[in-house]
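These are the residues of each chain, in order.
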Amino acid sequence: MARRQLVTFESSGSSESDSDSDFSAASSRQASPIPPVENSAPSIESLKGTKRKRRLSDNDNDEKTKDSKRLQSQKNDINKDNEAPSQPEQPQDPEETRITGMQQVIIAAIRATDLTLGLRRIPAGFHVVVEVGGAEFQTSNKSAHVDQAVIEWNEPILLIEEDSRPCEPSSMVRVSVYASFELSSMLCHGEVLRTFEISIRELLDRSEYSIIFQPKPEEVVSPCTSLFMTLEQRLFDENDVAPLCPLTTLVSDHSYELLLRTDAGHGLLARYRRTQNRSDLDQSINEFERALDLCPIDHPYRPAALFNLATAKFVSCQADGRYLDLDIPISLCQGALDLRPTSHPDRPVTQLYLTIALLSRFAKRGFQTDAEAAEESLGEVLDVCHADSHIHRAALLAIETFTLHRAGSTVGNDLGQERPAASMLRLSPSQLANLVVWCLRRDDLPALDEVISLHYDALRYYNAMHASRGPLLGNLGAMIHIRFQRRGNEEDLDKAIAIHTEGLALHPVGHPDRSKSLNSFTALLSTRFKHRGNAEDLDQAIAFGREATLYNLANALSTRFDHRGGAEDLDQAIAFGREALSLRPVGHTDRSGSLHNLAVQLSIRFDHLGNAGDLDEAIALHTKVLALRPVGHIDRVKSLIKLAVQLSTRFDHRGNAEDLDQAIALHTEGLALHPIGHMYRSKSLMSLATLFSTLFRHRGNAEDLDQAIAFGREALALCPDGHIDRSETLYILANVFFVQYQGRGDAEDLDKAIALDREALALRPVGHPDRSKSLNNLAVRLSARFDHRGNANDVDETIALHMEALALHPVGHTGRSTSLINLANQLSSRFTLRGNVEDLDHAIVYDREALALRPVGHPDRSMSLNNLANLLSTRCVHRDSAEGLDQAIALHREALALRPVGHPDRPSSLNNLAKELSIRFDFQGNEKDFIESRENLHCALTLLTQHDPLRLNIHDSLATVYLSFHRSGLEDTGPGEDVGSLNAAMRHLKTAADIVSGGLLYRLRTGLRWVRHAAEYRHGTELDAYATSMQLMDAYMSTTASVSSRHSAMMNFPGTLAVDAASCALRSGDVRRAVELLEQGRTLIWTQMARLRTPLDSLQTRDDHAVALLQRFRDLSSLLDKPPVSHADGTQSVDAEAAATQYRRLVGDWNGVVEEIRRIEGFSRFLLPPLFADLQEAAHDGPIIVLVASRSSCNAIIIPYRQPPTSIQLPTDFEKLASLVLAFHEANGKDASPKGNQIALIKALRKLWDDVVCPVVKNLGGFAPRGSRIWWCPTFLFNFLPLHAAGEYRTNGESLSQQYISSYTPSLTALIRARKSYDMCPSVSFAAIGQNCPAGHSSTLDGVEPELEAVRRLLPPPPTVSFTKITSVDATKSRALSALRDNTWLHFSCHGTQKFTDPFNSAFLMRDQPLSLLDITQLDISRHQFAFLSACETAVGDPTTPDEVIHLAAGLQFAGVKSVIGTLWKVNDWTVQRLVEAFYKKLCGDGKMNSKRAAQALHQAVHSLARDKDMPLDQRIVFMHVGV
């Protein structure tokens, strides 16, 4: 028989695609501006503000239809990149009827922001297109000036279908924002900026709708950052449609082909700009040519068609360097201009592009007529256009370019006349030099390529003896060096050196320019050494540097010190630097360069030797340099950055917050000097990202961390694949994510950091100078992940990485000590994991070597002292011997002495010393150690500010010290007296857990430690410890954005926290409190979802403030109710972090609104954990039996309605329960043939009766009469037991099913929510969804069709039931979701899959994609009545987090379905067919539909099957009921 089961243990991730139009930062600095092109979509200007419908001519032929379809398909393919993720398709039921008078939506106004941000082309205007139900509406085309941030359209649009009928709620509305490039009649829409879809249903009952767009992939900024729509509703009336609904315009077939051709051409041209795929450009030209063929001489759109073709042809000329072909685009553009007279609104933009083409031809051929025509045309454009317009600004830039080219033009037109070499050139050497300066000011790579090309051309005219060749070589080498810095192409570096080599040969000893050539040559050799590590380059640089200047010689010696570690080189470099400075006294033009150089050498020596005087002098020198480079100085930004770096370093060593604030201020000024598009902007962003993450660590302000991530994301977007700085940007951003992980504890941040570090390491292969840095960073992250998840492979990989890093730092290398320490730390961690003492011994050896490399005076000596001391202490504890402990304490004392009062790390040293003294106290019992330890920790507290996160660590250490003293037995307490040290320990643990700045993760860990010790000593604070820990767990989980990541986080904490808390309350005799704690600590993930869907109708009747709070709460809850999807490990998704950051901010806003609501009278306990009096309402229709399974005891709590609860201690324990669960698992399916008696299963069911169910039944008599309903609310291990089937299973034996009708509920709150009544519709909408052959399955479920047909046959006929059946190819994920949303009664018949490693991806398998539990949780089905889940294991939760009750049946109930029938294990077709037949006969045999009868109907159906001895026992008890 076919089995309805698919169980997988592999996690699967889903992905969303972002809209991906190709826009970049505004590029208004191009040397040869590329003309903007007219983009298009299938519309024409005569359709503005109208719905459109194509009218086919009578003689349409098949070939033309096919061609149009091909073009439409091509357009769709291109536009896919521009679309935002759309919602699932909303299928229409063909029987669905439209009701006159239904509510309709009107878009009253639309407002968009930042429409010009990052646009590549000059926009003429902007408009919005709204598509719904086959109709299309377009707003007017509005222009925008340069600095205009917001554009608004107040043009009401009634959302109706093409035939003017009202739209159904499921209809999708598509909104697109376009930039147009024509002001007059538009041939097409233009360039799509943003597109999104939303259903009519989601717009109903709203007054406004807004959406914020993230930058598109690989873009820093993208046009249209947000869209806001004002909405109105009214009842539909056919007579009122006309005023708001534009008239229909019919489009001929001829025009339809024209607009499709044009649209295809624009789409292909845009894609070419993005991908540089030549075939796209060729196809674009072809489409524009065919569009022009459709526009004869008198056609109204011929000017636009000419202009579009001219644009594409011009781009082609630029791409191929075929400047002789410029005649063609110039001719086409001139033709367009001739058809656009003086008064035409698009004449200026046509003139502008014609001018740019003429300038290009003039630059290549030197035609004076082109120059004159361009000059005249630009003057006209400036006269006509407003100064704030985009066209005016572009014209000014073109004039600047024109002026430079004009300066090099020839006099006269007689090309045959002989001239000197210089006059034969387009630009003279001096003019080329001016062009170099112009290019550098604009930082434009295409312009840089052009300047380099011009220099190569010029060199052909000058032989080796010409005086101009040397300067030309110098400029060319400098340009190519700059291009290498931008693109990282090593060929450019080699070319630059070769060119400078030739230049140096032209400047022999004694030549006045030799020193300049030597300087450039030395700098290039040093650069190549840094890039490739070839020592010959470095030695050669030093040799030439000795001849050149003291300045370059000092730099080269410093570089060799970095490579070889010879202190003599560094000292000599500083000496040369001081001598060079003395030769440039105050007033010397180059003094700032010598000051800067000396400061750099001093800072390097500080890094090596740690002399604070070197750092202070370096800062003083950099300050002087900055003073010599005022605002406007070309090198000011370099000085800002250098000074900021040194101030940041001093902060790291001394902790003076003023240094950090000043460094941030300097970098912020530097960023302002590196605007969008600047080649060094990414570097400024990286520096600020690092500083803001440091500021977060110092002050704990979450906004600083968010700012750091924003800077890091923008920097990475500026460094795409292949960029020379990408590896460093990845490195910095990984650091920021890691800081966020340390502060917030979200493992997703750690995974992102690791993914970024791996990518950075891959970009730094063996031989790369920064490889060791990336090896270390990745190792640190893997170590942290090991601490978080305990995967031993991470430790092994970490050690391997540190081993490789150490090999790159041989004896004498300045970074060796750091590598030694890192390796020692990881060997220590592996020792802790595996207990291999060799790892510990090696770690101590490495730390001793590191300490020797950090002698007295080294800035990091205290760190090495601390590390070695910790390892010696660890060895003492491992050997259970105090030997070596005294040395560890001595080392800590020395470290403390190096951190005097005022040092930022003094509290940490006091804490470390206190821990070692406490350990020695444990060994030797010397009370002096206890006293000193305690005093050190109290002293540390006095040094910390009130909100310092380190306070948590200090209080935690104090708790450890007091616990040690309590265990020592030295405390003088008599019988019955309070134990002071134990109380003090608990008090400090409580205080630590309450320190907000400590971070939720670390507070939670401290709370759990408090629980552990309070439970160990049965301390009076035990119950408070449990309550605090559960509150912290709830808060911590709420800050995790995705549902799946919440589940992953749950697995890192004790799964028995709630049941242990309840057992603690039961031991104290407080049964009510036990119930409250269970409800607070279980089903956290579901509870947090429910909070966001809380009805607040009673607030609607309060004052205006309450109504505003209600709206704000609903808006924030709606946003939070759809968190971002989880990303798999290794996903390099930076945009996901933007969503996570926004999510955390929304959580903060949501918490603030909740607090305000609680201040309203009657709402003081809004969304707080419910009290027992509220929870008891769950027992309204019958008693609830809560089963508590903890290691201390196993109990049953009977909760009757309006009577005190009763607690029963069950005759079993945790171990026996675990064995019983295993017994059921092994017995299921065993010996399950028709003749098999399943002895193992019967034994397990008897054991379940004896140990659990029978004791409960004996106490139910006073609460529930025989034959009535009861509800089971199992916890932990009880979740995996078939309680409803327990019995003696012998002749005349007892069983639960003989006495009561059993149902289950995952929580009391879920049952209360399911009992809420809603107005019942007179007609029940019932959907039967079946899939007999899902994606990925070759076999079919033969019983699906007969089963669904049986359901249809057994249900009452219309109008009582409106039945819909979806099967086979129609049963797709989207159709199933639609049916689930639109029908209140459901029956699923299909394969089910339970994913234990990722339970929220458990799913019903449909034809195309799985319908997952996560999909279901996103739906609002709070009015749904019933669901029958005829699939395998739909009511089996995750064994790792059993109290979260994550399975399909529970998911449907939590989402709102009142009554659900699911399965405990796999079920066969024969069982299903028999049970479904029996169930529906019992449920609705009398023609009535009531979901409250489902439990009784299932009970009776199962009893009828029990008489069939051919059916295996496991199949008779597989179904269970959840809910009301």
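Bear in mind that the values here come from a model prediction, so they are computed numbers and not experimental data.

Colleague: How would you explain the overall build of the protein chain if you had to name every residue and give the values?
Modeller: Assigned secondary structure in the protein chain consists of 56 helices and 25 strands. Looking at the protein chain as a whole, 56% of its 1524 residues are labelled buried. Accessible surface computed for the protein chain: about 62700 Å², of which carbon and sulfur atoms make up 51%.

Colleague: I'd like a rundown of the nonpolar core, residues and numbers included.
Modeller: Ranked by internal contacts, the top residues of the largest apolar core, which has 178 residues, are Ile1184, Val1253, Trp1272, Phe1404, Phe1479 and Tyr1480. With 11 residues, the single largest contributor to this core is helix 47 (residues 1239-1258). Sequence-distant contacts of Tyr1480, defined by excluding residues within four places in its chain, comprise Phe1326, Val1351, Leu1354, Leu1355, His1387, Phe1426, Phe1428 and Gly1485.

Colleague: Give me unusual backbone geometry: which residues, what numbers.
Modeller: Negative phi values dominate among residues other than glycine, just as trans dominates among peptide bonds. In this structure, Pro1359 follows Pro1358 across a cis peptide bond, with omega equal to 5°. You can see Pro1359 is positioned in the loop between helix 50 (1344-1354) and strand 18 (1361-1366). Within the chain, Tyr1289 stands out as a residue other than glycine whose phi angle is a positive 50°. Classification of Tyr1289 by relative accessible area gives partly exposed; the value is 29%. Positive phi, normally seen in glycine, also occurs at Asn1292, with a value near 60°. Residue position: Asn1292 is located in the loop between strand 15 (1269-1274) and helix 48 (1296-1299). Among the residues examined, Asn1292 registers a relative accessible area of 78% and is labelled exposed.

Colleague: Any chance you could break down the sheet that holds strand 20 (residues 1392-1393) for me, citing the residues and the numbers?
Modeller: Overall, antiparallel pairing links the 3 strands, which are arranged 20-21-22 in an open sheet. The open sheet terminates on both sides in strands that have one partner only, identified here as strand 20 and strand 22 (1410-1412). Pairing analysis gives 2 bridges linking strand 20 to strand 21 (residues 1403-1405), with the strands arranged antiparallel. Paired with Thr1393 across the bridge in strand 21 is Ala1403.

Colleague: Can you break down the pattern of salt bridges residue by residue, with the values?
Modeller: With the rule as written, the count across this model stands at 48 salt bridges. The shortest N-O distance in the salt bridge between Arg201 and Asp1382 comes to 3.4 Å. Taken together, the positions of Arg201 in helix 2 (residues 200-203) and Asp1382 in helix 51 (residues 1373-1382) put the pair 1181 residues apart, joining distant regions of the chain. On the accessibility criterion, Arg201 (32% relative accessible area) is partly exposed. With its nearest N and O atoms 2.8 Å apart, the salt bridge here joins Glu669 to Arg636. Of this pair, Glu669 sits in helix 22 (residues 657-672) while Arg636 sits in helix 21 (residues 636-654), and the two are 33 residues apart along the sequence. Residue classification places Glu669 among the partly exposed positions, given a relative accessible area of 28%. Residue Arg636 is classed as buried on the basis of its relative accessible area of 11%.

Colleague: Help me get a handle on the side chain of Arg1009, residues and values and all.
Modeller: For Arg1009, the location among the structural elements is in helix 37 (residues 1000-1016). Given the relative accessible area of 15%, Arg1009 is considered buried. Beyond its immediate sequence surroundings of up to four residues, Arg1009 is in contact with Asp956, Ala959, Thr960, Leu963 and Leu989.

Colleague: Account for the packing of aromatic side chains, naming residues and giving values.
Modeller: For the coordinates displayed, the defined rule picks out 20 aromatic pairs. An angle of 40° between the planes, with centres 5.6 Å apart, marks the rings of Phe692 and Phe711 as tilted. Note that Phe692 is positioned in helix 23 (residues 681-699) and Phe711 in helix 24 (residues 702-717), a separation of 19 residues in sequence. One exposure class covers both Phe692 and Phe711, and it is buried. Through a chain of ring-to-ring contacts, the aromatic side chains of Phe1326, Phe1363, Trp1385, Phe1426, Phe1428, Phe1479, Tyr1480 and Phe1519 assemble into a single cluster. Lys773 extends its terminal NZ or CZ atom over the ring of Tyr731, reaching a point 4.7 Å from the ring centre.

Colleague: Give me the pairing of strand 24 (residues 1459-1463): which residues, what numbers.
Modeller: Across the 5 residues that make up strand 24, a large majority, 5, are buried. Residues of strand 24 alternate between two faces, with Ser1459, Ile1461 and Thr1463 on one and Val1460 and Gly1462 on the opposite face, all of them buried. Pairing between strand 23 (residues 1426-1430) and strand 24: 3 bridges, direction parallel. Considered in strand 24, the bridge of Phe1428 is made with Ile1461.

Colleague: Go over helix 5 (residues 278-293) with me, naming the residues and quoting the values.
Modeller: Its 16 residues place the ends of helix 5 23 Å apart at the C-alpha level, agreeing with the 22 Å of an ideal helix rising 1.5 Å per residue. Considered for burial, the residues of helix 5 that qualify are Asp280, Leu281, Ser284, Ile285, Glu287, Phe288, Ala291 and Leu292. Axial view of helix 5: buried residues confined to an arc of 165°, hence all on one face.

Colleague: How would you summarise the confidence of the model for the protein chain if you had to cite specific residues and measurements?
Modeller: For the protein chain, per-residue confidence averages 77 on the pLDDT scale, and residues scoring 70 or more make up 75% of the total. Long-range and interchain partners of residues 1-61, a stretch whose pLDDT sits below 50, account for 237 contacts in this model, where long-range means more than four residues apart. Residue range residues 406-426 is modelled with pLDDT below 50. Its contacts to residues more than four positions away, or to other chains, number 30 contacts.

Colleague: Give a description of helix 24 that names residues and reports values.
Modeller: Relative to the 22 Å expected for 16 residues at 1.5 Å per residue, helix 24 spans 23 Å between its end C-alpha atoms, a close match to the ideal helical length. Most of helix 24 sits inside the fold, with 12 of its 16 residues counted as buried.

Colleague: Tell me what's going on with the packing of helix 54 (residues 1469-1484) against helix 55 (residues 1494-1506), and back it up with residues and numbers.
Modeller: Contact geometry of helix 54 with helix 55 gives a least axis separation of 8 Å together with a crossing angle of 135°. The pairing of helix 54 with helix 55 is recorded here as oblique in orientation. For the crossing formed where helix 54 meets helix 55, the hand is right-handed. Here Arg1474, Leu1475, Ala1478, Phe1479, Lys1482 and Leu1483 of helix 54 come into contact with helix 55, specifically with Ala1494, Ala1497, Leu1498, Gln1500, Ala1501, Val1502, Ser1504 and Leu1505.

Colleague: Now, about the side chain of Glu1022: what can you tell me, with residues and values included?
Modeller: Within the element layout of this structure, Glu1022 appears in helix 38 (residues 1022-1038). Sequence-distant contacts of Glu1022, defined by excluding residues within four places in its chain, comprise Ala1014, Ala1015, Cys1064 and Arg1067.

Colleague: Go over the sheet that holds strand 7 (residues 172-180), please, and point to the residues and values.
Modeller: Within the open sheet, the 4 strands sit side by side as 4-3-7-8. Their pairing is antiparallel. Taken across any chain shown, the strands that pair with only one partner, and hence form the sheet edges, are strand 4 (135-138) and strand 8 (191-199). Each adjacent strand pair in this sheet contributes to an overall mean axis angle of 20°, direction not counted. Note: strand 3 (residues 125-132) against strand 4, 4 bridges, orientation antiparallel.

Colleague: A description of the packing of helix 50 against helix 54 should follow, citing residues and the corresponding values.
Modeller: As a packed pair, helix 50 and helix 54 sit with axes 10 Å apart at the nearest point and diverge in direction by 15°. Classified by the interaxial angle, the pair formed by helix 50 and helix 54 is roughly parallel. Between helix 50 and helix 54 the crossing geometry is right-handed. Packed against helix 50, whose contacting residues are Glu1347, Ala1350, Val1351, Arg1353 and Leu1354, the element helix 54 presents Val1472, Val1476, Glu1477, Tyr1480, Lys1481 and Cys1484 at the interface. When grouped by side-chain class, the residues that make up the contact of helix 50 with helix 54 number 7 nonpolar, no polar and 4 charged.

Cut-off values and rules
- Residues numbered from 1 in each chain as written.
- Predicted model: local features only at pLDDT ≥ 70, side-chain atom pairs only at ≥ 80, totals over all residues.
- Heavy atoms only, no water.
- Helix = DSSP H or I, 4+ residues; strand = E, 2+ residues; numbered from the N terminus.
- Buried < 20%, exposed > 50% of the residue type's maximum accessible area, 1.4 Å probe, protein only.
- Areas by Shrake-Rupley, 256 points an atom, 1.4 Å probe, with all protein chains shown as cover.
- Core = buried A, V, L, I, M, F, W, Y, C linked by side-chain atoms within 4.5 Å.
- Contact = heavy atoms within 4.5 Å.
- Pairing = 2+ DSSP bridges.
- Salt bridge = Lys/Arg side-chain N within 4 Å of Asp/Glu carboxyl O.
- Phe/Tyr/Trp six-rings, centres within 6.5 Å; stacked < 30°, edge-to-face > 60°.
- Lys NZ or Arg CZ within 6 Å of the ring centre and 35° of its normal.
- Expected span 1.5 Å × (residues − 1).
- Arc of directions from axis to C-beta.
- pLDDT = per-residue confidence, 0-100.
- Axes fitted to C-alpha atoms, helices over the stretch in contact; angles between N-to-C directions.
- Parallel < 35°, antiparallel > 145°, perpendicular 65-115°, else oblique.
- Left-handed = near helix turned anticlockwise from the far one by under 90°.
- Nonpolar A, V, L, I, M, F, W, Y, C, P; charged D, E, K, R; others polar.

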